[in-house]
Amino acid sequence: MAVDLIIYHNPECGTSRNTLAMIRNAGIEPHVVEYLKTPPARALLVELIERAGMAPRELLREKGTPYAELGLGDTSLTDDALVDAMMAHPILINRPLVVSPLGVKLCRPSEAVLDLLPSDQLGAFAKEDGEQVVDATGQRVA
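First, a word on what this report is: a plain description of the structure on this page. Since the structure is predicted, the reported quantities are computational estimates derived from the model, not experimental observations. (Residues numbered from 1 in each chain as written. Predicted model: local features only at pLDDT ≥ 70, side-chain atom pairs only at ≥ 80, totals over all residues. Heavy atoms only, no water.)

**Digging into the environment of Thr75**
The criterion, for reference: Secondary structure is summarised from DSSP: a helix means a run of H or I of at least four residues, a strand means a run of E of at least two, and numbering begins at the N terminus for each.
By the element assignment, Thr75 lies in the loop between α3 (56–59) and α4 (79–88). The spatial distance from the C-alpha of Thr75 to the C-alpha of Arg57 is 9.1 Å, given a sequence separation of 18 residues.

Here it is, written out as structure tokens:
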């Protein structure tokens, strides 16, 4: 299916890998942006945050990042300061962030991507840990 879909992806992240696999399980080959190698421009990052209906703080990743060392838990920091930190340290950008014709979303958990896909899953899907997300008929498992 020809769908313009972008995933800001980290191949080292299981959630990101599961999200990418679910996109492909819908028959869609997305534009994959390995954002640690090619971070979005500041204006684009701000736009993505706004389109996702988030505050910059909600996109910050703490685990495995310099979050604590940079004092980013300080609630008095402005949105601009948080975006500046993400630009200086792209590892602080939580992932995967998916852009589709249906919206922009931080797909945590990975099955959140199902809300952004304009087509159904083509078959069963289980996450890397074995958790069944989609059944053999392509329907989300409750």
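**A short note on the pairing of strand β3 (residues 97–100)**
Rule in force here: Exposure classes here rest on a 1.4 Å probe applied to the protein chains alone. A residue is buried below 20% of its type maximum, exposed above 50%, and partly exposed in between. When DSSP locates at least two bridges between a pair of strands, those strands are taken to pair.
Burial along β3 is two-sided: Leu97 and Val99 facing one way and Val98 and Ser100 facing the other are all buried. Strand direction decides the pairing type here: strand β1 (residues 6–9) and β3, joined by 3 bridges, are antiparallel. Among the inter-strand pairings, Ile7 is bridged to a residue of β3, identified as Val98. As judged from the 4 bridges shared by β3 and strand β4 (residues 103–106), these two strands associate in the antiparallel manner. Residue Leu97 lies in a different strand from β4, and its bridge partner there is Leu106.

**Quick notes on the nonpolar core**
So the rule is basically this: Joining through side-chain atoms within 4.5 Å is the link that ties buried Ala, Val, Leu, Ile, Met, Phe, Trp, Tyr and Cys residues into a set, and such a set is a nonpolar core. When checking whether two residues touch, look at their non-hydrogen atoms; a contact exists if any pair is within 4.5 Å.
One finds Leu59 and Met86 to be the most contacted residues of the largest nonpolar core, which totals 20 residues. For this core, the secondary-structure elements that each account for two or more residues are α2 (42–51), α4, β3 and β4. When near neighbours in sequence (up to four residues on either side) are disregarded, Leu59 contacts Leu45, Ile49, Met54, Met86, Leu92, Ile93, Asn94, Leu97 and Leu106. Of all hydrophobic cores here, the second largest spans 18 residues; its members include Leu5, Met22, Ile23 and Leu116.

**Thoughts on unusual backbone geometry**
Of note, the amide linkage connecting Arg95 to Pro96 takes the cis form, showing an omega dihedral of -5°. Its location among the elements puts Pro96 in the loop between α4 and β3. At the junction of Arg108 and Pro109, the peptide bond is cis and its omega measures out at 5° in the coordinates.

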